[in-house]
Amino acid sequence: MSEFGQIQGKGNDMEQDSLHQMLLRYNRVFKDIDQVYHQMARICGLPDCAFWILYLLRESEVKYTQSGVSENLSLSRQTVNSALKKLQQEGYIAMAPGESNRKNKPLRLTHRGEELCRNTVDLVLQAEINTLARFTPEERESFLSLQEQYAQALRQEGNRLLLPCSGEEEQG
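Report follows, based on the coordinates. (Residues numbered from 1 in each chain as written. Predicted model: local features only at pLDDT ≥ 70, side-chain atom pairs only at ≥ 80, totals over all residues. Heavy atoms only, no water.)

1. Remarks on the packing of aromatic side chains
Two aromatic rings, taken as a pair, are described by how far apart their centres are and by the angle between their planes. Enumeration over the complete set of coordinates arrives at six aromatic pairs. Judged by centre distance (5.0 Å) and plane angle (75°), the ring pair of Phe-51 and Trp-52 falls under edge-to-face. Here Phe-51 falls in the buried class, since its relative accessible area comes to 0%. Among the aromatic residues, those joined into a ring-pair cluster are Tyr-37, Phe-51, Trp-52 and Tyr-55. (Phe/Tyr/Trp six-rings, centres within 6.5 Å; stacked < 30°, edge-to-face > 60°. Buried < 20%, exposed > 50% of the residue type's maximum accessible area, 1.4 Å probe, protein only.)

If you want it as C-alpha cells, here you go:
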C-alpha cells in the first residue's frame, strides 16, 4: 500500500488495507454518480456547468448571485461567468436590475429558463426523488446521516492538513 494510506497512530496493517480498499470503493461510487449526472446533463443538451447552475437556481429558494453560484458549486468564477453569459445570451437567465456590480446581482430564471428547467432539471430532480424512494425511511436517514458525518470528518481532516501550510505547527 502506498504511503498516503497510513493512518497516523491508528490500527494495524490489516485495518489500514481494509480502509484503503473502502476508500477506493467509495471513490469508484462517487465517480460513478458524477458520471451519471454528466450523462444526464448531456441528455438534457447542457454542458455540466450550465446544468448545475440551472439545477441550483431551480431547486433552491435562495437568490443566488454569480459569486454565490461559484462558491456553492465549488467552480471558478471564470467558469461560472462563461456559463452564465451563455445562459443569459440564450435567454434562460437574467440578472436582477439594481446593483452596479454584475457579480452581486441576483440571478433569476426567465420564462424561457423556467420552460427549459421543466424539460430538463425537473426530470433529474424527479429521478433523484424516485431513487431515494427505493430506500426505506430508515435507510434514507442512515444514508444522509453517514454522508453528513463523512463530510464533517473530511472537513476536519482537511483543516488539519492546512495547519502546517499556514505556519501554525500543531503542538503535541
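Next comes the rest of the write-up.
2. Let's talk about the side chain of Ser-60
With respect to the element layout, Ser-60 can be found in the loop between helix H2 (48-59) and helix H3 (66-73). Taking the relative accessible area as the measure of exposure, Ser-60 reaches 16% and is therefore buried. Engagement of the side chain of Ser-60 in a polar contact is seen with the backbone nitrogen of Val-62, the distance being 3.0 Å. (Helix = DSSP H or I, 4+ residues; strand = E, 2+ residues; numbered from the N terminus. Polar contact = N/O pair within 3.5 Å; in protein donor to acceptor, adjacent residues only side chain to side chain.)

3. Brief notes about a nonpolar patch on the surface
On the surface, Leu-132, Phe-135, Phe-143 and Leu-144 cluster together into a nonpolar patch covering about 360 Å² of accessible area. Note that Leu-132 resides in helix H6 (residues 121-133). Of the residues examined, Leu-132 reaches a relative accessible area of 35% and is grouped as partly exposed. (Patch = residues over 30% accessible without salt bridge, like charges linked within 9 Å, V, L, I, M, F, W, Y side chains within 5 Å. Areas by Shrake-Rupley, 256 points an atom, 1.4 Å probe, with all protein chains shown as cover. Salt bridge = Lys/Arg side-chain N within 4 Å of Asp/Glu carboxyl O.)

4. Thoughts on the state of the cysteines
Under the defined criterion, the tally for this structure stands at zero disulfides. In this structure Cys-117 is a free cysteine whose sulfur lies 9.5 Å from that of Cys-44, the closest cysteine sulfur available. (Disulfide = S-S within 2.5 Å.)

5. Here's the deal with the packing of helix H5 (residues 111-119) against H6
Viewed as axis vectors pointing N to C, H5 and H6 meet at an angle of 35°, and their least axial separation amounts to 3 Å. In this structure, H5 uses Leu-116, Cys-117, Arg-118 and Asn-119 to contact H6, whose residues at the interface are Val-121, Asp-122 and Leu-123. Here the contact of H5 with H6 is built from residues that sort into four nonpolar, one polar and two charged. (Axes fitted to C-alpha atoms, helices over the stretch in contact; angles between N-to-C directions. Contact = heavy atoms within 4.5 Å. Nonpolar A, V, L, I, M, F, W, Y, C, P; charged D, E, K, R; others polar.)

6. Considering the packing of helix H1 (residues 13-43) against H2
Look at H1 against H2: their axes get within 9 Å of each other, and the N-to-C directions meet at 90°. Overall, the two elements H1 and H2 adopt an arrangement that is roughly perpendicular. For the pair formed by H1 and H2, the contact residues are Tyr-37, His-38, Ala-41 and Arg-42 on the first element and Asp-48, Phe-51 and Trp-52 on the second. Its residues assigned to classes, the contact of H1 with H2 shows four nonpolar, one polar and two charged. (Parallel < 35°, antiparallel > 145°, perpendicular 65-115°, else oblique.)

7. A few points about the environment of Asn-119
Within the element layout of this structure, Asn-119 appears in helix H5. One polar contact links the side chain of Asn-119 to the main-chain carbonyl oxygen of Glu-115, over a distance of 3.1 Å.

8. A closer look at unusual backbone geometry
Look at Ser-74: it is not a glycine, yet its phi comes out positive at around 55°. Along the chain, Ser-74 turns up in the loop between H3 and helix H4 (77-89). Its relative accessible area of 65% is what places Ser-74 among the exposed residues.

9. Topic: the pattern of salt bridges
Applying the stated criterion across every chain, the model contains four salt bridges. As a salt-bridge pair, Asp-122 and Arg-58 come within 2.7 Å of each other at their nearest N and O atoms. Of this pair, Asp-122 sits in helix H6 while Arg-58 sits in helix H2; the two residues are 64 residues apart in sequence, bridging distant segments of the chain. Under the relative-accessibility criterion, Asp-122 is labelled partly exposed at 23%. Residues Glu-90 and Lys-86 are paired through a salt bridge, measuring 3.0 Å at the closest nitrogen-oxygen approach. Taken together, the shared-partner salt bridges connect Arg-58, Glu-114 and Asp-122 into one network.

Note that every value here comes from positions in space, so none of it alone points to a role or purpose.
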